[in-house]
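What follows is the residue order along each chain.
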Amino acid sequence: MNKYKHLFFDLDRTLWDFDTNNTETFRELYAHFQLEALGVEEVTAFYKKYQKINLALWDAYKKAEITKKDLNFQRFYQSLLLYTIDNAELATLMGAYYVKESPLKTHLYPHTLETLEKLHRKYQMHIITNGFDEVQYIKMENSGLMRFFDKIITSEAAGYKKPDKRIFEYALQQAGATVQESIIIGDDPEADIYGACLVGMDQIWVKHLPLKPELTRATYSVNELKEITAIL
Ligand SMILES: [Mg+2]
């Protein structure tokens, strides 16, 4: 009855609670670099401004207009500039701090481990992520996710980022899976759902970000991870 053999999970905002983990890192970063004394109003507002800048830079990075190094430097440099702090050295240090500290955070969405535990008995499971290699492995190791997954496909290793269909083709090849017996589970309407559509892979859209417009037509959609055990 069940046609699926391989489950491909996205990591950030699907399993690993990116926003909770990031907010925590930002609070520590704000204290560590004594940003209040430098005139940065308060951490929540600072984080909001950073997010806007980061999003635009990620778009540029996805289109290969800037490098990973540019992205990590510019998101802090530009955020500081909003407070008329023109300090490249500080931005570099903050970027390094962020990349080192944020993947050590371990908040997962509710019921993540128990859901993966159940599915692990029935399926071969893999990760397919656009995140940076060096941080994705640390996140998975620290939050107890590593043991569930067979192949970990990063955009860096594949050479393409979701929604490019070539990262999905690469993932299928690495896993030794056919598209018909595979399904993706992800939060991002464009990267995960649209991307999987391009190769004809079924999708479960996990709606962890309620702000995204509901234009997406996924094979299945759920509000919480634990609901996927009713589908699979
Ligand atoms: Mg995601």
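Right above here is the structure, for reference.
Cut-offs and rules
- Residues numbered from 1 in each chain as written.
- Predicted model: local features only at pLDDT ≥ 70, side-chain atom pairs only at ≥ 80, totals over all residues.
- Helix = DSSP H or I, 4+ residues; strand = E, 2+ residues; numbered from the N terminus.
- Buried ≥ 20, exposed ≤ 12 C-beta atoms within 10 Å, placed from the backbone.
- Pairing = 2+ DSSP bridges.
- Axes fitted to C-alpha atoms, helices over the stretch in contact; angles between N-to-C directions.

Caption draft 1: Region of interest: unusual backbone geometry. The step from Lys162 to Pro163 runs through a cis peptide bond, and the omega angle for that step is 10 degrees. Tracing the backbone through its elements, the reader meets Pro163 in the loop between α7 (155-158) and α8 (165-175). The phi dihedral of Gln34 falls on the positive side, at around 50 degrees, and the residue is not glycine. Phi is positive for His111, close to 65 degrees, though the residue is something other than glycine. By secondary structure assignment, the location of His111 is in the loop between α4 (88-101) and α5 (112-120). Its 16 C-beta neighbours within 10 Å are what place His111 among the partly exposed residues.

Caption draft 2: Layout of the sheet that holds strand β3 (residues 152-154). Across the sheet, six strands lie side by side as β3-β2-β1-β4-β5-β6; this open sheet has parallel pairing. Edge positions in the sheet fall to β3 and β6 (220-222), since each has one partner strand and no second. On average, adjacent strands in this sheet sit at an angle of 20 degrees to one another, irrespective of strand direction. As defined by bridge partners, strand β5 (residues 202-206) adjoins β6 across three bridges and the pair is classed as parallel. Within β6, the position partnered with Ile204 by the bridge is Tyr220.

Don't take any of this as a statement about function, it's just geometry.
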